[in-house]
Amino acid sequence: MKLIDAAPIGINVRSTVATYAGVHDELRKVYARTESAKRHGYKAGDFSYNTGTLRCPSCDGTGQISLDVQFLPDVDVTCPDCRGSRYGKEAHRILRRAKDGNDYSLPDLMNMSVDEVLAACKRLSLLQKRLQVLHDLGLGYLTLGEETPGLSGGEAQRLKLASEMGKGQKDSVFVFDEPTIGLHPQDVRTLLDVFQSLIDLGATVIVIEHDLDVIRNADYIIDMGPGGGLSGGRIIAEGTPEDIRGSKESLTGRFI
């Protein structure tokens, strides 16, 4: 069983949207193939901001430094040398001509949104596929270098889901806890399409939800109530949406 909840994705500041989604590894390979990287002898490993030679030497690739404030807890501030990019000056000199005609370094791309990189890297099929999943889940506005511990619960939940898309899901059970929180109604429609994709891949999808559109699209509903909090906790009705609509005890049935 795979629980896709809204819990933060770790506490490690080295974890970013790009690394979690498997985008950063692909970008490192792409930049290692550039003529500029070959001239300098750089390999894909050199472009890692965790251990590579191109990471910022001042912050060791974290993008921030810790200040020792007397009598107070340490304070983390943006690294003054790399300005949060995590990379040293040499990395900014390794450029690649993108589909949009502009030259970008890897640090440049890490500072761009998913949708911006999606438009700039149209010739890179594997990268496009992974970025398109993020876009389809309504995460196109996130920057690739954004730290995953700082994401909202809804963003973390959808990023976890992105890592599962495209895999064979036979015998997998996914449990989603309020995945529509903070979503625009149009994004809810996209989320329903994602659920269907998982089901088509052989998965079972269980959703704990209050959103009426999600409830209406369920194959089977277990309606808890009759109220909320201490007033709830009992199964009021169960069955198809049509069954719930016909239940006199179900408050949900009155609205779907």
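Residues numbered from 1 in each chain as written. Predicted model: local features only at pLDDT ≥ 70, side-chain atom pairs only at ≥ 80, totals over all residues. Heavy atoms only, no water.

### Looking at the pairing of strand β6 (residues 173-177)
And step 1. Relative to β6, strand β1 (residues 2-4) runs parallel, the two sharing three bridges. In the strand pairing of β6, K2 is matched with F174.
And step 2. Here β6 runs beside strand β7 (residues 204-208); their pairing, made up of five bridges, is parallel. Along β7, the bridge assignment pairs V175 with I206. (Pairing = 2+ DSSP bridges. Helix = DSSP H or I, 4+ residues; strand = E, 2+ residues; numbered from the N terminus.)

### Things to note about the environment of V23
And step 1. On the secondary structure map, V23 appears in helix α2 (residues 23-32).
And step 2. Spatially, the C-alpha atoms of V23 and L131 are 7.5 Å apart, while their sequence positions differ by 108 residues.
And step 3. If near-sequence neighbours (up to four positions away) are discounted, V23 is found in contact with A18, L127, R130, L131 and L144. (Contact = heavy atoms within 4.5 Å.)

### Notes on the sheet that holds β7
And step 1. Taken together, three strands build an open sheet; the order of strands is β1-β6-β7 and the sheet is parallel. Whereas interior strands pair on both sides, the edge strands pair on one side only; in this sheet they are β1 and β7. Going across the sheet, the axis of each strand differs from the next one's by a mean of 20 degrees, ignoring polarity.
And step 2. Packed on one face of the sheet, helix α9 (residues 185-200) meets β6 and β7 and runs near 150 degrees to β7. (Axes fitted to C-alpha atoms, helices over the stretch in contact; angles between N-to-C directions.)

### Focus: the nonpolar core
Considering soluble globular proteins, one finds that nonpolar side chains tend to be buried as a cluster.
And step 1. Formed by 53 residues in total, the largest nonpolar core has its most connected members in Y31, F47, L109, L131, L134, L144 and L161.
And step 2. Elements that contribute at least two residues to this core include exactly α1 (17-20), α2, α5 (106-110), α6 (114-120), α7 (125-136), α8 (153-162), β6 and α9.
And step 3. Ranked by residue count, the leading element in this core is α9, at six residues.
And step 4. The next biggest cluster of nonpolar side chains, apart from the first, holds five residues, and it includes I215, I221, I244 and I256. (Core = buried A, V, L, I, M, F, W, Y, C linked by side-chain atoms within 4.5 Å. Buried < 20%, exposed > 50% of the residue type's maximum accessible area, 1.4 Å probe, protein only.)

### Thoughts on α7
And step 1. The first and last C-alpha atoms of α7 sit 16 Å apart over twelve residues, in line with the 16 Å expected at 1.5 Å per residue.
And step 2. Burial in α7 covers these residues: L127, Q128, L131 and L134. Burial along α7 is one-sided: seen end-on, the buried residues are contained in an arc of 125 degrees. Of the exposed residues in α7, those oriented more than 90 degrees away from the buried face are S125 and K129.
And step 3. Its buried side turned inward, α7 meets α1, α2, α6 and α8.
And step 4. Downstream of α7 by one or two residues, G138 has phi in the positive range, about 80 degrees. (Expected span 1.5 Å × (residues − 1). Arc of directions from axis to C-beta.)

### Quick word on the state of the cysteines
Two cysteines, two sulfur atoms, one covalent bond between them: this is a disulfide.
And step 1. With the rule as written, the count across this model stands at zero disulfides.
And step 2. A disulfide-free cysteine, C82 has its sulfur positioned 3.7 Å from the sulfur of C59, the nearest such atom.
And step 3. For C82, a relative accessible area of 7% corresponds to the buried category. (Disulfide = S-S within 2.5 Å.)

### Thoughts on the packing of α2 against α7
And step 1. Look at α2 against α7: their axes get within 10 Å of each other, and the N-to-C directions meet at 155 degrees. Between α2 and α7, the crossing angle belongs to the class labelled roughly antiparallel. Judged by the sense of rotation from one axis to the other, the crossing of α2 with α7 is left-handed. Across the interface between the two elements, V23, E26 and L27 from α2 touch L126, L127, R130 and L131 from α7.
And step 2. Per-class residue counts for the contact of α2 with α7 are five nonpolar, no polar and two charged. (Parallel < 35°, antiparallel > 145°, perpendicular 65-115°, else oblique. Left-handed = near helix turned anticlockwise from the far one by under 90°. Nonpolar A, V, L, I, M, F, W, Y, C, P; charged D, E, K, R; others polar.)

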